[in-house]
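Per-entry structural report
For reference, the chains in residue letters:
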Amino acid sequence: MTAGNPGADLPVTSLRGVGPSLKTTLERIGIFRTTDLLLHLPTRYQDRSHVTNLGQIEADQECLVRGRVVTTKVSFGRKRSLLVTIEDGSGYLGLRFFHFSRRQQAGLQTGTQVQAFGEIRFGPSGFEMIHPDYRAFDSDPPTLEAGLTPIYPTTKGLGQNRLRSLTAQLEKLPWSTDHGTPYADLLLLHKPSAEMTATEIASVQERLAKDELTAYYLIMRGRQLERQRQATTALPRAQQLGRQLLNNLGFQLTGAQRRVVREVLEDLETKQPMLRLVQGDVGSGKTVVAAFAAIRAAEHFTQTAIMAPTEILAEQHYVNFSRWLSPLGISVVLLTGSQPAKERRQVTTQISSGEALVAVGTHALFQQHVSFAKLALTIIDEQHRFGVHQRMALRNKGLVPHQLVMTATPIPRTLTMALYADMAVSLIDELPRGRQAIDTRVVADSRRAEVVSRLRDSLAKGGQAYWVCPLIEKSDHLDLADAESTATAIAEALPEHRVGLLHGRMSSAKKADVMQSFSAGELDVLVATTVIEVGVDVANANLMIIENPERMGLTQLHQLRGRVGRGDTRASCILLYKSPLGANAKARLQVIRDSQDGFYIAEQDLNLRGGGELLGTRQTGEQSFRLADLRKHAHLIPEAVARGDELLRSAPQSVQALLDAWAPADTGHISV
Ligand code: ADP
Ligand code: MG
């Protein structure tokens, strides 16, 4: 990222005071060059610019105070502590230390003048600061800071003062001021001017966040334009195999499925490689939509690769695709990492000879030694673990195939606008008819016995059930339910029923075996970890109990719950939480209880805890924002997008300047 700021982008070692050891420390937090340091922004600010009178302090306020020590005593409460009381003529304040040295104690004798900075708490004997940042002084008080003091994210061995002395040096570098580059604003965040208030800082942050979101949008658009310049196999309408599948399906496609199939097939008709994201809630029927795309490719004797995130899901897709496509004369194969080597060799040969037109698999499908004879389409079923890495890996395989990505992650529309601006988006916003609402209850774990008897009743009526736990085995550190001991407990409580166990550490063969038994009705209860969240389809399962739902993400809960309610009988879900429940956790569980709409749930999730979970893969997998925080800044996206479009139209030189300023290291240099 040098183009926009020649001369200012230097190795950190060019700053005063950065030797080999500090260099290593800085590298630990991603700071290699001065531009990295410029973008290493404070997470918050402290106001040490004025002294607050002790008569005016309030609880929870962070402030700088001065006073004279009136008493110093060691108290032996629940924990030994040193309590130093100061007064300034307007009021009193206690400074409390749980760790203190004899020397510290001696330095805080009655009569000493002290300046202290910290957060005010309301303690047993009035207002207190716990472990304040303090300094004793004689006659002249320390000078006050001119403006707000930045607080940086840091690492061991790197103090705030050191960071501040480094960022202070940035000001002297020759940053560009062209084309509305953000350097002046960035410097301002490192060293706010004396009069700047917290509100003014927030508005600078907002301005920069919008800038960064615009840059992100432009990067995505750049990728899209780049792709449009490439060519791949056009797959126009050919035979009528799709119609045959439609006749064989045994159900009618929903209106939304028909619309999305049309959108996908239209994309395939051109030479421009498709990159389309199909978003559809759990159970909305994404798989069959993908099947129509694979059929179109097969009609041209070109191949489709379908990648699933887990073996269970790959096997399930294999079953479905075989059932749908084999009668049309299209051969389908399965490739997973756990197949015996001989079988795998056989399958890879079928793929490389072109004999297999559809290959379903896990990551194994995209390893170097699997080469396709004529790959025209890749379908990635990411369920809600929506990541971008795999997408990239597939694109790198020679000819760019058409790509279809399916996700059950309900991504709020504002976010898709910018974050997925490189993709076309289709929405399956309708569930197949006859799907019933899942009766969802939020129940405290003190009522576990009732839940077990509810389970017994449900099984007695012929249903099956899932019991989901966050852990595989008991943990000494986490007070969470584990699948192993839960399975034992349930088997003991319900001796007349067959209880199975499924978790991620079992071998794939064993997992498949257990799933098979559960599907076949040979098991009544499946105690599982969240591995079942992806794609298990057992229509007779109509009750799900989820332990520690308060510790799971709303989207994850929604996905899990989607595993029941796939049959004709009314399904229920019990969220068995560990009490007591905090206000936020309660609000979150109520969202799940009251709604089955994945999009609504995702939006609430964003409101109640931010986009972290939702965008986790996107952010950690590909890049994270330097400054934009989707919890605070999602509302800026429409404006950022509009501005990006405007810049593309009328100010290409600003586009480049913006990309140079914000281009994250791993996105590389992208020219538009
Ligand atoms: P998801 O979108 O969660 O991947 P699936 O594709 O697994 O959903 O579909 C869930 C179930 O619904 C499957 O058993 C599938 O065959 C069935 N299904 C899909 N579309 C319809 C439809 N239009 N009518 C009835 N059942 C459907
Ligand atoms: Mg699916």
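Quick caveat: nothing in here was measured; it's all calculated off a predicted structure.

**Concerning the overall build of the chain**
Check the secondary structure of the chain and you find 23 helices and 21 strands. With respect to the principal axes defined by its C-alpha atoms, the chain has extents near 95 × 70 × 45 Å. Within the chain, the proportion of its 672 residues that are buried is 53%. Look at the contacts in the chain between residues 6 or more apart in sequence, and 73% of them connect residues 24 or more apart. Taken as a whole, the chain presents about 30300 Å² of accessible surface, with 49% of it coming from carbon and sulfur. A distance of 2 Å separates the average location of the 76 positive side-chain charges in the chain from that of its 70 negative side-chain charges.

**Let's talk about the domain arrangement of the chain**
We note that the domain assignment places domain 1 (12-46 + 152-196), domain 2 (50-144), domain 3 (206-435 + 619-672) and domain 4 (439-595) within the chain. On a C-alpha basis, the centroid separation for the pair domain 1 and domain 4 is 49 Å.

**Some words on the side chain of Ser572**
Structurally, Ser572 is set in strand S21 (residues 572-577). Residue Ser572 is classed as buried on the basis of its relative accessible area of 10%. A distance of 2.9 Å separates the side chain of Ser572 from the side chain of Arg454, its partner in a polar contact. Excluding residues within four positions of it along the chain, Ser572 makes contact with Ile438, Asp439, Arg454, Asn542, Leu543, Met544 and Val564.

**With respect to the site of ligand 1**
In the region of ligand 1, 16 residues are neighbours, and Gln252, Gln257, Gly283, Lys286 and Thr287 sit closest. One of the backbone nitrogen or oxygen atoms of Gly283 is found 2.6 Å away from an oxygen atom of ligand 1. Within the backbone of Ser284, a nitrogen or oxygen atom sits 3.4 Å from an oxygen atom of ligand 1. Starting from 560 Å² of accessible surface for ligand 1 in isolation, the protein chains cover 82%.

**What about the confidence of the model for the chain?**
Mean pLDDT over the chain works out to 86, with 91% of the residues at or above the 70 mark. A low-confidence stretch, residues 610-623 (pLDDT under 50), is modelled with 46 contacts involving residues beyond four sequence positions or located in other chains.

**A look at the pattern of salt bridges**
Taken as a whole and judged by the stated rule, the model has 25 salt bridges. For Arg44, the salt bridge is made with Glu62, and the minimal N-O distance between the two is 3.4 Å. With Arg44 in strand S1 (residues 44-46) and Glu62 in strand S2 (residues 62-76), the pair connects residues that are 18 residues apart, well separated along the chain. Residue Asp133 pairs with Arg48 through a salt bridge whose shortest N-O separation is 2.9 Å. Taken together, the residues span a long stretch of sequence, with Asp133 in strand S7 (residues 133-137) and Arg48 in the loop between S1 and S2 at a distance of 85 residues. Under the relative-accessibility criterion, Arg48 is labelled buried at 19%. What you see here is one network of salt bridges that share partners, running through Glu263, Asp267 and Arg276.

**Some remarks on the environment of Gly644**
Along the chain, Gly644 turns up in helix H22 (residues 637-650). Put simply, Gly644 and Leu213 are 431 residues apart on the chain and 9.0 Å apart in space, counted from C-alpha to C-alpha.

**Observations concerning the packing of aromatic side chains**
Aromatic ring pairs are described here by two measures, namely the spacing of the ring centres and the angle between the planes. This structure, assessed with the given rule, holds 5 aromatic pairs. Measuring from centroid to centroid gives 5.4 Å for Phe122 and Phe127, while their planes differ by 80°, and the two rings are edge-to-face. For Phe127, a relative accessible area of 25% corresponds to the partly exposed category. Summarising the aromatic geometry, the rings of Tyr466 and Phe518 are spaced 5.1 Å apart at their centres and angled 50° between planes, so their arrangement reads as tilted. Of this pair, Tyr466 sits in strand S17 (residues 464-468) while Phe518 is found in helix H16 (residues 508-519), placing the two residues 52 residues apart along the sequence. According to the relative accessible area criterion, Phe518 is buried, its value standing at 0%. The side chain of Lys79 reaches across the aromatic face of Phe98, ending 5.0 Å from its centre.

**Quick look at unusual backbone geometry**
That bond from Ser579 to Pro580 is cis: its omega, 0°, falls within 30 degrees of zero. In this model, Asn548 sits at a positive phi of 50°, which is unusual for a non-glycine residue.

**Regarding the packing of helix H7 (residues 241-248) against helix H9 (residues 286-299)**
Interhelical geometry of H7 versus H9 gives an angle of 145° and a closest axis separation of 9 Å. For the pair H7 and H9, the crossing hand works out as right-handed. Along the contact surface, H7 presents Leu241, Gly242, Leu245 and Leu246, while H9 presents Ala291, Phe292, Ile295 and Glu299. Residue composition of the contact of H7 with H9, by class: 6 nonpolar, 1 polar and 1 charged.

**Re helix H4 (residues 160-170)**
Buried residues of H4: Gln160, Leu163, Leu166, Thr167, Gln169 and Leu170, and no others. The secondary structure elements touched by the buried residues of H4 are helix H1 (20-28), helix H2 (34-38), strand S8 (149-151) and helix H5 (183-190).

**Quick word on the nonpolar core**
In terms of nonpolar packing, the biggest core is built from 62 residues, with Leu26, Trp175, Leu186, Leu189, Leu213 and Trp662 touching the most fellow members. Sorting elements by how many residues they give to this core places helix H6 (residues 198-228) first, with 11 residues. Counting contributing residues per domain, this core is built from domain 1 (12-46 + 152-196) and domain 3 (206-435 + 619-672), each supplying no fewer than three. If you look at the next biggest cluster of nonpolar residues, it comprises 43 residues, including Leu265, Ala290, Phe292 and Leu404.

**Focus on the packing of helix H8 (residues 255-268) against H9**
In the contact formed by H8 and H9, the axes pass within 9 Å of each other and the chain directions differ by 30°. In terms of orientation, H8 and H9 fall into the roughly parallel class. For H8 against H9, the interelement crossing comes out right-handed. Contact with H8, carried on its side by Gln257, Val260, Val261, Val264, Leu265 and Leu268, involves Val288, Val289, Phe292, Ala293 and Arg296 of H9 and no other residues of that element. By residue class, the composition of the contact of H8 with H9 is 9 nonpolar, 1 polar and 1 charged.

**Looking at the sheet that holds strand S19 (residues 525-528)**
Strand order in the open sheet formed by 6 strands is S16-S21-S20-S17-S19-S18, with parallel pairing between adjacent strands. Each of the sheet's edge strands pairs with one partner strand only, and the pair in question is strand S16 (439-444) and strand S18 (499-502). On average, adjacent strands in this sheet sit at an angle of 20° to one another, irrespective of strand direction. Bridge count between S17 and S19: 4 bridges; the pairing is parallel. Considered in S19, the bridge of Tyr466 is made with Leu526.

Cut-offs used in this document
Residues numbered from 1 in each chain as written. Chains lettered and ligands numbered in written order. Predicted model: local features only at pLDDT ≥ 70, side-chain atom pairs only at ≥ 80, totals over all residues. Heavy atoms only, no water. Helix = DSSP H or I, 4+ residues; strand = E, 2+ residues; numbered from the N terminus. Buried < 20%, exposed > 50% of the residue type's maximum accessible area, 1.4 Å probe, protein only. Contact = heavy atoms within 4.5 Å. Areas by Shrake-Rupley, 256 points an atom, 1.4 Å probe, with all protein chains shown as cover. Lys, Arg positive; Asp, Glu negative; His and termini not counted. Charge placed at Lys NZ, Arg CZ, Asp CG, Glu CD. Domains from an automatic or database assignment. Polar contact = N/O pair within 3.5 Å; in protein donor to acceptor, adjacent residues only side chain to side chain. Near = heavy atom within 4 Å. pLDDT = per-residue confidence, 0-100. Salt bridge = Lys/Arg side-chain N within 4 Å of Asp/Glu carboxyl O. Phe/Tyr/Trp six-rings, centres within 6.5 Å; stacked < 30°, edge-to-face > 60°. Lys NZ or Arg CZ within 6 Å of the ring centre and 35° of its normal. Axes fitted to C-alpha atoms, helices over the stretch in contact; angles between N-to-C directions. Left-handed = near helix turned anticlockwise from the far one by under 90°. Nonpolar A, V, L, I, M, F, W, Y, C, P; charged D, E, K, R; others polar. Core = buried A, V, L, I, M, F, W, Y, C linked by side-chain atoms within 4.5 Å. Parallel < 35°, antiparallel > 145°, perpendicular 65-115°, else oblique. Pairing = 2+ DSSP bridges.

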